[in-house]
Amino acid sequence: MSRPDLFDEIIECLKMQALDSPDTCLSPEVRREFYADVAKPAPPPAHSRRTMSPGCAPQRFSAPPRRSPADSAPHVCSAAPDSAPPAGGKDPRNMSWRELAAAVASCRGCKLCRTRTNTVFGDGNVRAELMFLGEAPGADEDLQGLPFVGRAGELLTRMIGAMQFNRAEVFIANTVKCRPPNNRNPEPDETEACRPFIMRQIELIRPKVIVMLGAVPLRLLFPEVRAGITRIRGSWMDYHGIKVMPTFHPAYLLRNPAAKADVWKDLQLVMAVFGKKHVPGRRA
Ligand code: URA
């Protein structure tokens, strides 16, 4: 392993360890050096957070080791998918962030594990006040192991910028962590298999606001709601005390640019929660 690879791996380990065991982390000096590449810590939000000691936790989480496209063949599951809890049977509801990431990385809870290259755990600030919840990884995300890095991702990045945030400040995740073949919508058994993961991510991050992108996360978080995304977008919903704004998915906007005006209205409602206001003429 070359030196940069080794350092990257050590740094990744330290980040994960600090997330998992905030009490055993590094001295401020060493931490500063190690986390020099990590986004500047945001002031801790007023509302309740997970129990991290303030100076201790790194802000940004990158997913665990990814398979590269050079690993060639897609990951093939030798064992049949099953509905047993992942990670040796530990309930995701009791998992630390690190355990959750590892459980997702090795999950074979549904048939999507047979065709994925990488799982896509999520990306961004684990202490984010603003979270975006998409549908499922596409081809680019599957290859890179990161959410929203394709065309829809470029648009989402611009939307986040227009909201006066950046990607390192927010957390971006998907309802389903593996790519459905041919980008079809995830099937009910697949969203169900992934449900404990996203539930736990939301619980650990405890964002102030979740922006729900499209119908798939709507069905997951609010299965009792019969209305579709077109009807429901733009009205605040409540998920266990977290404000949720449903809006159209960026991929839909790529196909229907006229709907961008609606989404922009929705996003401005979210911005207002954070005391941000669109200034006409200001470029994101
Ligand atoms: N669409 C999604 O819903 N998620 C991604 O990560 C990419 C595209």
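The rules behind each value
- All residue numbers refer to position in the chain's written sequence, counted from 1.
- With pLDDT at 70 or above as the cut-off, local features in this predicted model cover only qualifying residues; side-chain atom pairs require 80 or more to be listed or tallied, and sums for whole chains, interfaces and linings still use all residues.
- To obtain the side-chain values, all non-hydrogen atoms of the structure were included, while hydrogens and water were left out.
- Labels follow the DSSP assignment, with helices taken as runs of H or I lasting at least four residues and strands as runs of E lasting at least two, numbered in each case from the N terminus.
- Three labels apply to residues, based on accessible area from a 1.4 Å probe with only protein chains included: buried if under 20% of the type maximum, exposed if over 50%, partly exposed otherwise in between.
- Contacts were defined at the residue level, with two residues in contact if any of their heavy atoms lie within 4.5 Å.
- Definition of nonpolar core: a set of buried residues of the types Ala, Val, Leu, Ile, Met, Phe, Trp, Tyr and Cys, connected through side-chain atoms within 4.5 Å.
- Near is defined per residue: the residue qualifies when any heavy atom it owns lies within 4 Å of the molecule or strand.
- Here a polar contact is taken to be a pair of N or O atoms separated by no more than 3.5 Å, where protein atoms must pair a possible hydrogen donor with a possible acceptor and residues adjacent in sequence count only if both atoms sit in side chains.
- Residue burial considers only the protein chains on display, and all accessible areas are found by Shrake-Rupley using a 1.4 Å probe.
- Polar here means any residue outside two lists: the nonpolar Ala, Val, Leu, Ile, Met, Phe, Trp, Tyr, Cys and Pro, and the charged Asp, Glu, Lys and Arg; Gly therefore counts as polar.
- Every axis corresponds to a line fitted to the C-alpha atoms, with the helix fit spanning only the stretch in contact, and the corresponding angles, defined between N-to-C directions, vary from 0 to 180 degrees.
- Every angle not falling under 35 degrees, over 145, or within 65 to 115 is termed oblique; those three ranges are roughly parallel, roughly antiparallel and roughly perpendicular.
- The sense of a crossing depends on the near helix, which, turned anticlockwise from the far helix by less than a right angle, makes the crossing left-handed and, turned clockwise, makes it right-handed.
- Definition used for salt bridges: Asp or Glu carboxyl oxygen within 4 Å of a side-chain nitrogen of Lys or Arg.
- In this tally Asp and Glu are treated as negative and Lys and Arg as positive; neither His nor the chain ends contributes.
- Confidence scores per residue from the predictor, reported as pLDDT, run from 0 to 100.
- Classification of ring pairs uses Phe, Tyr and Trp, with its six-membered ring standing for Trp, and accepts pairs whose centres are within 6.5 Å; under 30 degrees between planes counts as stacked, over 60 as edge-to-face, and the remaining range as tilted.
- Lysine NZ or arginine CZ positioned within 6 Å of the ring centre and within 35 degrees of the ring normal marks a charge as sitting over the ring.

Quick look at the overall build of the protein chain
Alright, step 1. Within the protein chain, the secondary structure is distributed over ten helices and seven strands.
Alright, step 2. Within the protein chain, the proportion of its 284 residues that are buried is 47%.
Alright, step 3. Nonlocal contacts in the protein chain, meaning residues at least 24 apart in sequence, comprise 72% of its contacts between residues at least 6 apart.

Structural notes on the nonpolar core
Side chains of nonpolar character tend, in soluble globular proteins, to be buried together.
Alright, step 1. In terms of nonpolar packing, the biggest core is built from 57 residues, with L130, F132 and F222 touching the most fellow members.
Alright, step 2. Take this core: its biggest share by element is six residues, from helix α6 (residues 188-205).
Alright, step 3. The residues touching F132, leaving out its near neighbours within four places in the chain, are L156, I160, M163, V170, F171, I172, A173, V211 and L213.

Considerations on the site of the ligand
Alright, step 1. As a structural note, the neighbourhood of the ligand is formed by G134, E135, A136, P137, E141, P147, F148, N174 and H249.
Alright, step 2. F148 is positioned with one of its backbone polar atoms (N or O) 2.9 Å from an oxygen atom of the ligand.
Alright, step 3. In the model, a nitrogen atom of the ligand is placed 2.7 Å from a nitrogen or oxygen of the N174 side chain.
Alright, step 4. Protein chains shield 91% of the accessible area of the ligand, which is 240 Å² for the free molecule.
Alright, step 5. Residue composition of the shell around the ligand, grouped by class: four nonpolar, three polar and two charged.

Let's talk about the packing of helix α5 (residues 151-162) against helix α10 (residues 260-273)
Alright, step 1. The contact between α5 and α10 brings their axes to 10 Å, and the two run at 45°. What the angle tells us is that α5 and α10 run oblique. In this structure, α5 meets α10 at a crossing whose hand is right-handed. Contacts between α5 and α10 involve L155, M159 and A162 from the former and K260, V263, W264, L267 and M271 from the latter.
Alright, step 2. Considered class by class, the residues forming the contact of α5 with α10 number seven nonpolar, no polar and one charged.

Focus: the pattern of salt bridges
Alright, step 1. Summed over the entire model, instances satisfying the criterion amount to twelve salt bridges.
Alright, step 2. The shortest N-O distance in the salt bridge between K90 and E99 comes to 3.0 Å.
Alright, step 3. Classification of K90 by relative accessible area gives partly exposed; the value is 34%.
Alright, step 4. The salt bridge partner of K111 is E190, with a shortest N-O separation of 2.9 Å.

Section: the side chain of R167
Alright, step 1. Structurally, R167 is set in the loop between α5 and β4 (171-174).
Alright, step 2. Buried charge without a salt bridge: R167, with D123 as the nearest opposite-charge side chain at an N-O distance of 4.5 Å.
Alright, step 3. At 2.7 Å, the side chain of R167 forms a polar contact with the backbone oxygen of F148.

Points about the environment of R231
Alright, step 1. Tracing the chain through its elements places R231 in helix α8 (residues 229-232).
Alright, step 2. Distance in space between the C-alpha atoms of R231 and T247 is 9.8 Å, their sequence separation being 16 residues.

A closer look at the confidence of the model for the protein chain
Alright, step 1. Residues of the protein chain with pLDDT of at least 70 account for 68%, and the chain-wide mean is 80.
Alright, step 2. Across residues 1-7 the pLDDT falls below 50, and counting only partners more than four positions away or on other chains, this stretch makes two contacts in the model.
Alright, step 3. Predicted confidence is poor over residues 69-84, with pLDDT under 50, and the contacts of this stretch with residues over four places away or in other chains come to 26 contacts.

Quick word on the packing of aromatic side chains
Alright, step 1. For the structure on display, the rule yields five aromatic pairs.
Alright, step 2. Aromatic pair W97 and F121: ring centres 5.2 Å apart, planes at 80°, arrangement edge-to-face. One end of the pair, W97, is in helix α3 (residues 97-105); the other, F121, is in the loop between α3 and β2 (123-125), and 24 residues separate them in sequence.
Alright, step 3. Aromatic pair F222 and Y239: ring centres 6.2 Å apart, planes at 80°, arrangement edge-to-face. Here Y239 lies in strand β6 (residues 237-239) and F222 lies in the loop between α7 (215-221) and α8, a separation of 17 residues in the sequence. For the pair F222 and Y239, one class covers both residues: buried.
Alright, step 4. Ring-pair connections join several aromatic residues into one group, and the members of that group are W97, F121 and F171.
Alright, step 5. Its guanidinium or amino end placed over the ring of W236, K243 lies 4.4 Å from that ring's centre, counting from NZ or CZ.

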